[in-house]
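Working through the structure, step by step
Chain residues, written in single-letter form:
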Amino acid sequence: MANSDPTKRPRPGPWPPAPDSTAMPPPSWAKKTGFRPKFSGETNASDSGQIVVPPKPKELDSNVDLELGRVRPAPVAPAAPVPNGMPEGEKVPAPSEKTQTVKKRRTSDGAPVPKSSAPGANGQAPAAPAEPQPRRPARSEEAVDVLPQTVDDDGFVARHSHMKYELRDTPGLVPIGLYGFQHFVSILGSLILIPLVIVPAMGGDHEDTAMVVSTVLFVSGVTTLLHTSFGTRLPLIQGPSFVYLAPALAIINSPEFQGLNGNNFKHIMKELQGAVIIASAFQAILGYSGLMSVLLRLINPVVVSPTIAAVGLSFYSYGFPRVGTCLEIGAVQILLVIIFSLYLRKISVMGHRIFLIYAVPLGLAITWAAAFLLTETGVYSYKGCDINVPASNMISNHCRKHVSRMKHCRVDTSHALKSSPWFRFPYPLQWGTPVFHWKMAIVMCVVSVITSVDSVGSYHASSLLVASRPPTPGVLSRGIGLEGISSVLAGLWGTGTGSTTLTENVHTIAVTKMGSRRAVEFGACVLIAISLVACKVGGFIASIPEVMVAALLCFMWAMLAALGLSNLRYSEAGSSRNIIIVGLSLFFSLSIPAYFQQYGISPNTNLSVPSYFQPYIVASHGPFRSKYGGVNYVMNTLLSFHMVIAFLVAVVLDNTVPGSRQERGVYVWSEPEAARREPAVAKDYELPFRVGRVFRWVKWVGL
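All of these numbers come straight from a predicted model, not from anything done at the bench.

1. Overview of the confidence of the model for the protein
Taken as a whole, the protein shows an average pLDDT of 76; of its residues, 70% reach a score of 70 or greater. Within the protein, no element has a lower average pLDDT than helix α2 (residues 45–48), which sits at 37, and none a higher one than helix α27 (residues 642–656), at 95. Below pLDDT 50 for its whole length, residues 27–35 participates in 9 contacts with residues either more than four positions away or in separate chains. Predicted confidence is poor over residues 37–72, with pLDDT under 50, and the contacts of this stretch with residues over four places away or in other chains come to 54 contacts.

2. Quick look at the nonpolar core
Among the nonpolar cores identified, the biggest contains 120 residues, and Ile-198, Met-202, Phe-242, Leu-245, Ile-544, Met-548 and Phe-641 are the most heavily contacted of them. By residue number, the principal contributor to this core is helix α19 (residues 438–466), which donates 13 residues. Sequence-distant contacts of Phe-242, defined by excluding residues within four places in its chain, comprise Ser-190, Ile-194, Val-311, Phe-315, Glu-504, Leu-553, Met-556, Trp-557 and Leu-560. Ala-309, Ile-581, Val-582 and Leu-586 belong to the second largest nonpolar core, which has 6 residues in total.

3. Thoughts on the pattern of salt bridges
Summed over the entire model, instances satisfying the criterion amount to 7 salt bridges. Note that Arg-168 and Asp-684 form a salt bridge whose closest N and O atoms lie 2.6 Å from each other. One end of the pair, Arg-168, is in the loop between α5 (136–142) and α6 (173–186); the other, Asp-684, is in helix α30 (residues 679–685), with 516 residues separating them in the sequence. Among the residues examined, Arg-168 registers a relative accessible area of 40% and is labelled partly exposed. Using a relative accessible area of 2% as the deciding quantity, one classes Asp-684 as buried. Glu-546 is the salt-bridge partner of Arg-322, the closest N and O atoms lying 2.2 Å from each other. Of this pair, Arg-322 sits in helix α13 (residues 319–323) while Glu-546 is found in helix α24 (residues 546–565), placing the two residues 224 residues apart along the sequence. Judged by its relative accessible area of 9%, Arg-322 is buried. Since its relative accessible area comes to 40%, Glu-546 is described here as partly exposed. One salt-bridge network, held together by shared partners, links Arg-577, Asp-654 and Arg-664.

4. Quick word on the packing of helix α9 (residues 245–252) against helix α10 (residues 265–288)
If you want to describe how two helices pack, look at the angle between their axes and the distance between the axes. Between α9 and α10, the least distance of the axes is 10 Å, while the angle of their chain directions is 135 degrees. Classed by the angle they form, the pair α9 and α10 counts as oblique. Classified by chirality, the crossing of α10 by α9 is right-handed. Between α9 and α10, the contacting residues are Ala-248, Ile-251 and Ile-252 on the first element and Ile-268, Leu-272 and Ala-275 on the second. Considering only residue class, the contact of α9 with α10 consists of 6 nonpolar, no polar and no charged.

5. With respect to the state of the cysteines
Evaluated as defined, the whole model comprises 1 disulfide. With a sulfur-sulfur separation of 1.9 Å, Cys-326 is cross-linked through a disulfide to Cys-409. Disulfide Cys-326 to Cys-409: torsion about the S-S bond roughly 120 degrees, handedness right-handed. Here Cys-326, found in the loop between α13 and α14 (327–343), pairs with Cys-409, found in helix α17 (residues 397–409); they are 83 residues apart in sequence, far enough to count as distant. Grouping residues by exposure puts Cys-326 and Cys-409 together as buried.

6. Observations concerning α19
Compared with an ideal rise of 1.5 Å per residue, which puts 29 residues at 42 Å, α19 spans 41 Å between its outermost C-alpha atoms and is within 8% of the ideal. α19 sits mainly inside the fold: 25 of its 29 residues count as buried.

7. Section: empty space enclosed by the protein
Counted under the stated rule, the structure contains 5 cavities of 30 Å³ or more. Size it by volume and the largest cavity reaches roughly 100 Å³. Lining of the largest cavity is provided by 13 residues; of these, Gly-457, Thr-503, Val-506, Leu-563 and Asn-567 occupy positions nearest its centre. Elements that contribute at least two residues to the lining of the largest cavity include exactly α12 (301–313) and α19. Element by element, the count of residues in the lining of the largest cavity is highest for α19, at 4 residues.

8. Some remarks on the packing of aromatic side chains
All chains considered together, the criterion is met by 13 aromatic pairs. Seen in terms of ring centroids, Phe-587 and Phe-588 are 5.6 Å apart; in terms of plane orientation they differ by 70 degrees. Their pairing is edge-to-face. We classify Phe-587 as exposed; its relative accessible area is 52%. The class of Phe-588 is partly exposed, set by a relative accessible area of 33%. Chaining the aromatic ring pairs together yields one cluster made of Phe-242, Phe-315, Tyr-318 and Trp-557. In this arrangement the basic side chain of Lys-439 is found over the ring face of Tyr-633, its NZ or CZ atom lying 4.7 Å from the centre.

What counts and what doesn't
Residues numbered from 1 in each chain as written. Predicted model: local features only at pLDDT ≥ 70, side-chain atom pairs only at ≥ 80, totals over all residues. Heavy atoms only, no water. pLDDT = per-residue confidence, 0-100. Helix = DSSP H or I, 4+ residues; strand = E, 2+ residues; numbered from the N terminus. Contact = heavy atoms within 4.5 Å. Core = buried A, V, L, I, M, F, W, Y, C linked by side-chain atoms within 4.5 Å. Buried < 20%, exposed > 50% of the residue type's maximum accessible area, 1.4 Å probe, protein only. Salt bridge = Lys/Arg side-chain N within 4 Å of Asp/Glu carboxyl O. Axes fitted to C-alpha atoms, helices over the stretch in contact; angles between N-to-C directions. Parallel < 35°, antiparallel > 145°, perpendicular 65-115°, else oblique. Left-handed = near helix turned anticlockwise from the far one by under 90°. Nonpolar A, V, L, I, M, F, W, Y, C, P; charged D, E, K, R; others polar. Disulfide = S-S within 2.5 Å. Expected span 1.5 Å × (residues − 1). 1 Å grid on protein atoms, 1.4 Å probe; cavity = no way out; pocket = protein on both sides within 12 Å on 5 of 7 lines; lining within 4 Å. Points joined across faces, edges and corners; volume = space filled by probe spheres on them. Phe/Tyr/Trp six-rings, centres within 6.5 Å; stacked < 30°, edge-to-face > 60°. Lys NZ or Arg CZ within 6 Å of the ring centre and 35° of its normal.

Following this line, the structure appears as structure tokens:
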């Protein structure tokens, strides 16, 4: 019973009352949003670390007043309330032995835990702080693909509590194999789609595409092992990033390559190798020299967000125009991927959300099977028409009318699967000795800075999911330096692009709930084995029809743009300052390159490249026309890249327009000294085999 004698009521406390450190049961909106107020008595019980006696279900259902949640004091200056309705500091008369035991337990903040057996207001049982805990797993499960939002006392964003395996977890062999394979399959589209675009653009045939795909898989496995061992040590897959796609297409469509006769593939590939190697060496110096730690002061979410979003938005001229060549195949595949990733994303099979995780592979497999059935049943076969005859040599108007459908809708036009060998070992310089040109190298060096900006956002977001703390600036510089070395290997082996952290990693980790470093390493070993002993895999991938590749790219580029914009969650996205900066960056990233790409081109101009490659021939007709041809090439090419314009506009505005650190969302990295004192942080990021101790004097190699 509550004490109702007015003569024995305690004196009111000071005004304003001190904030109560004990926890109140949060209302429903607070439980859904993760709200953690600083001045009220409400907080999230699961975050307070309290130890409480479980309440009786009957008392909880019948007596708890969830609307009030606290005692209405007398009409005097109110004292600081506590959950059981007693003023702070008053002892409960005749507490039981069980209650005294609970009272001795302290929370992480040093505040006593409320006594569940003490009387409450109006004779009712008090609200128990532990009540929301049974429902918390359901809320976490509902937000399985949502990135962390809660900020702890040190200013770091809290990790997901529902991760199945975190960074240093070592599950059994079966879970490692399952999750490692799942991780790479879910991100397979990012690994294989770039070769399917650039190799045909270089004049390569299906056999060349198969060899480049197998080389990409091999290099991706090797560089992933290097990064998880000697880079940031986060479970991030390395591979050909879409950031490199635009400069690769610009080099492929350079004026000096337009008049080449014969097989242009190897010649252009050697040019790409030379540019990638020089740019990768520049990136390695940027990381291992410690300069990246200095550049971190300029790189914030408001800079990363529009830069990465511009990468995905820049390929709109290639996506759906290619899908339109066979609309009944390409549009169906896009719809399937959308249905799997959105409408069926919550369907679980044996605890795995297969439709969300494998949306791209499932959409590709179903569409490919449907196109195969249509091809075999003769839907795309026309009497008297041969797909192997060039359209210019066809006499019948009937065949000329349907040649596009036969070429793009049929799935038997590629012979890569039959002609590719079973065994092939990718080796360095397999296409010949790289060719170095300074103007192409400068273009790639600027792009390597953009890839570093992309990686900074991926490091920060993934560390919040799987690690105890974000990495230190030294660990981040170490990761950028190793990405430079990985890109040197990619240039030597001849993948056509550099190797960097794939942005899609963050979404894959959040969806699969797998953050184990060992699982990613196991998947990388499997990827290397597949590329060595089964070159047929490359031939199988190379036989994917172009319209299906374009349909997958539409989804992947849209995802890349969305992942870029998701970095704004670390800043105040509703701030007018940030809205204007991001809006200007995105608009000018589309408008300024359009000016360069359309300059000097009249409607009647006869261009030697397809319409979807016209944005990448700006070097031959751009507005910069000085007497130095190399300078013209560099300036016209760089200013026609959407991501470069977005980065320049965002980095200038974000670092010159006044704004608080909270408003800007400045990335918070761990301090080196504090990281060394915390065993968990040291184990997350320290180098293996005591390499960090040998190079401890180099601050950007150790912690």
